[in-house]
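Chain by chain, the residues run as shown.
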Amino acid sequence: FAACGGDLKIYFQGALTGPYAETGINEANGVILAIDKYNATNPKTKVAYDAIDTQASGANSPALAAKVVADECAIGVVGGMYSGETLAAVPIYEGGKVPVVSPSATNPGLTNKSPYFHRVVGSDLVQGPALAQIAIGLKSKLFVVDDATAYGKGLATIVKKNATKIIVGTDGVTEGTTNFTSVVAKVAKSKATAVFYGGYYPEAAIFVKALRDNPATKNIKFIAGDGVLDGEFIKLAKKNAEGAYLTAPGLDMKTAAPALYKEYKTKFNREPGLYTLEAYNAAGFFLSGVKAGKINSADMLSYIKSTTYKGVGQTIAFDKDG
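Position numbers for residues count from 1 along each chain, tracking the sequence in the order it is written. Only residues with pLDDT of 70 or above have their local features reported here, since the model is predicted, and side-chain atom pairs are shown and tallied only from 80 upward, although totals for entire chains, interfaces and linings are computed over all residues. Heavy atoms throughout the structure, all of them, feed into the side-chain values; hydrogens and water do not.

**A word on the pairing of strand β8 (residues 194-198)**
Residues in a regular strand project their side chains so that they alternate between the two faces of the sheet.
Right, so step 1: When you tally the buried positions in β8, you get five out of five residues, the bulk of the element.
Right, so step 2: Along β8, one buried face is formed by Ala194, Phe196 and Gly198 and the opposite face, lined by Val195 and Tyr197, is buried too.
Right, so step 3: The pairing criterion for strands is at least two bridges between them, as found by DSSP. In DSSP terms, a helix is any run of H or I states spanning at least four residues, a strand is any run of E spanning at least two, and both are numbered starting from the N terminus. Two strands pair when backbone bridges link them, and β8 and strand β9 (residues 221-224) are joined in this way by four bridges, in the parallel orientation. Of the residues in β9, the one forming a bridge with Val195 is Phe222.
Right, so step 4: Looking down the strands as they point away from the viewer, one classifies a crossover as right-handed if the path from the first strand across the helix to the second runs clockwise. Remark: the β8/helix α7 (residues 201-213)/β9 crossover connection has right-handed handedness. Only protein chains enter the accessibility calculation, which uses a 1.4 Å probe; a residue whose area is less than 20% of its type maximum is buried, one above 50% is exposed, and one in between is partly exposed.

Here it is in structure tokens:
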């Protein structure tokens, strides 16, 4: 701490600009709220907020993570936001011995990646089977599409494994796809009654509109996971979002933490999003470590590994796999 020459820092890793910024800003605000509330109690050790804007890209995140590792004041990272950027950054954090707590990265492989990685949400081994059950419950013939990302393809693979009997076709796109014409044609040909999309909201909004615009697929049920469950999906998809089935291993702040929700709205003049509460609690865990005198990253790591933290609306403890 002496070498740091300033306040300790908690970093946020995620998208603050670009197509996925809506999720990132909502998470970052959760971290800011936790730090501001902590500093307002006049603690003897102050904590500053900092962020790396990865735009949720696995290509961008390692170099940005290296900046965090180089900052002697960094005692922890809340992030990454999405699985791909997190998988790419975790080896850098491990090399620099900086503990990481993700509020929202759900790829199952992350927990075997490093002893420095932890998350406060269930993985896609929870979400995938739940999504398959939705499709099965709808008595559907299911067509599965994924975006080839660590998250989207990973989740689609789990859905397929849990819904094998009802699958009538599969297809893949890439992140950033804007034309879903050929996918919609394949869906129509398969006579599917439901589509599962493994991916994120910018592409999902375009895909669902393309499905609704085609007479053969206009009534198809649209199913997706937490990468699509965002207010931005509704803004982008408009009326086409109506009736979508979406899941997330997260808590709604308004329901789970009504007093905190009011504080959040007053401070930021906007609604919290999915994982705002998880980001707030992840930061809160680090802050409780600072309060307990854990002012370097090695002490912080052993603190979060061995402590049960009572957050707002959630109690958090990590098993050996984070």
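Now that the structure has been shown, the text picks up again.
**Quick look at the environment of Thr17**
Right, so step 1: Tracing the backbone shows Thr17 in the loop between β1 (8-14) and α1 (21-39).
Right, so step 2: In the structure, Thr17 is positioned 36 residues away from Asp53 in sequence and 7.0 Å away in space, judged by C-alpha atoms.
Right, so step 3: The contact criterion used is simple: two residues touch if any of their non-hydrogen atoms lie within 4.5 Å. Ignoring sequence-local partners within four residues, the contact set of Thr17 consists of Asp53 and Gln55.
Right, so step 4: Within 3.5 Å is the distance limit for a polar contact, defined as a pair of N or O atoms, with the added protein rule that one can donate a hydrogen and the other accept it, and that residues adjacent in sequence qualify only through two side-chain atoms. A polar side-chain atom of Thr17 sits 2.6 Å from a polar atom in the side chain of Asp53.

**Description of the packing of aromatic side chains**
Right, so step 1: Working definition: a ring pair exists when centres of Phe, Tyr or Trp rings (six-membered ring for Trp) sit within 6.5 Å. Plane angles under 30 degrees give stacked, over 60 give edge-to-face, the rest tilted. Using the criterion set out here, one finds 14 aromatic pairs in the structure.
Right, so step 2: With a centroid separation of 6.4 Å and an interplanar angle of 75 degrees, the aromatic rings of Tyr20 and Tyr201 are classed as edge-to-face. Here Tyr20, found in the loop between β1 and α1, pairs with Tyr201, found in helix α7; they are 181 residues apart in sequence, far enough to count as distant.
Right, so step 3: Residue classification places Tyr201 among the buried positions, given a relative accessible area of 0%.
Right, so step 4: Seen from their ring centres, Phe180 and Phe207 are 4.8 Å apart, and the 15 degrees between their planes marks the pair as stacked. With Phe180 in the loop between β7 (167-172) and α6 (181-190) and Phe207 in helix α7, the pair connects residues that are 27 residues apart, well separated along the chain. One exposure class covers both Phe180 and Phe207, and it is buried.
Right, so step 5: Charge over a ring is defined by NZ of Lys or CZ of Arg lying within 6 Å of the ring centre and within 35 degrees of the ring normal. Here Lys267 stacks its cationic end above the ring of Phe268, 5.8 Å away from the centre of that ring.

**Here we look at the side chain of Asp147**
Right, so step 1: Within the element layout of this structure, Asp147 appears in the loop between β6 (142-146) and α5 (150-162).
Right, so step 2: Here Asp147 occupies a buried position and makes no salt bridge, while the nearest side chain of opposite charge, Lys153, is found at 8.8 Å.
Right, so step 3: Every residue in contact with Asp147, bar those within four places of it in the chain, is listed here: Gly152, Lys153, Val173, Thr174, Glu175, Tyr197, Gly198, Gly199 and Tyr200. His is not counted here, nor are the chain ends, while Lys and Arg score as positive and Asp and Glu score as negative. Salt bridges are defined by distance alone: a side-chain nitrogen of Lys or Arg within 4 Å of a carboxyl oxygen of Asp or Glu.

**Focus on the sheet that holds strand β10 (residues 245-246)**
Right, so step 1: Across the sheet, which stays open at both edges, the five strands sit in the order β7-β6-β8-β9-β10 with parallel pairing between neighbours. Every other strand in the sheet has two partners, leaving β7 and β10 as the edge strands with one partner each.
Right, so step 2: Across two bridges, β9 lies against β10 in parallel orientation. The residue of β10 that forms the bridge with Ala224 is Leu246.
Right, so step 3: Axis geometry follows a simple rule: fit a line to the C-alpha atoms, using only the stretch in contact for helices, then measure angles between N-to-C directions, giving values from 0 to 180 degrees. In this fold helix α4 (residues 124-137) packs onto β6, β8, β9 and β10, with an angle of close to 170 degrees to the strand it touches most, β9.
Right, so step 4: Seen against the sheet, α5 touches β6, β7 and β8 and runs at an angle of roughly 160 degrees to β6.

**Details of the pattern of salt bridges**
Right, so step 1: Evaluated as defined, the whole model comprises 10 salt bridges.
Right, so step 2: Of the charged contacts in the structure, one is a salt bridge between Arg270 and Glu22, with a shortest N-O distance of 3.2 Å. Taken together, the residues Arg270 in the loop between α10 (258-268) and α11 (276-291) and Glu22 in helix α1 connect sequence positions 248 residues apart.
Right, so step 3: Judged by relative accessible area, which is 25%, Arg270 ranks as partly exposed.
Right, so step 4: Exposure remark for Glu22: the relative accessible area of 21% places this residue in the partly exposed category.
Right, so step 5: Lys320 serves as the salt-bridge partner of Asp321, at 3.3 Å between the closest nitrogen and oxygen.
Right, so step 6: Classification of Asp321 as partly exposed rests on a relative accessible area of 31%.

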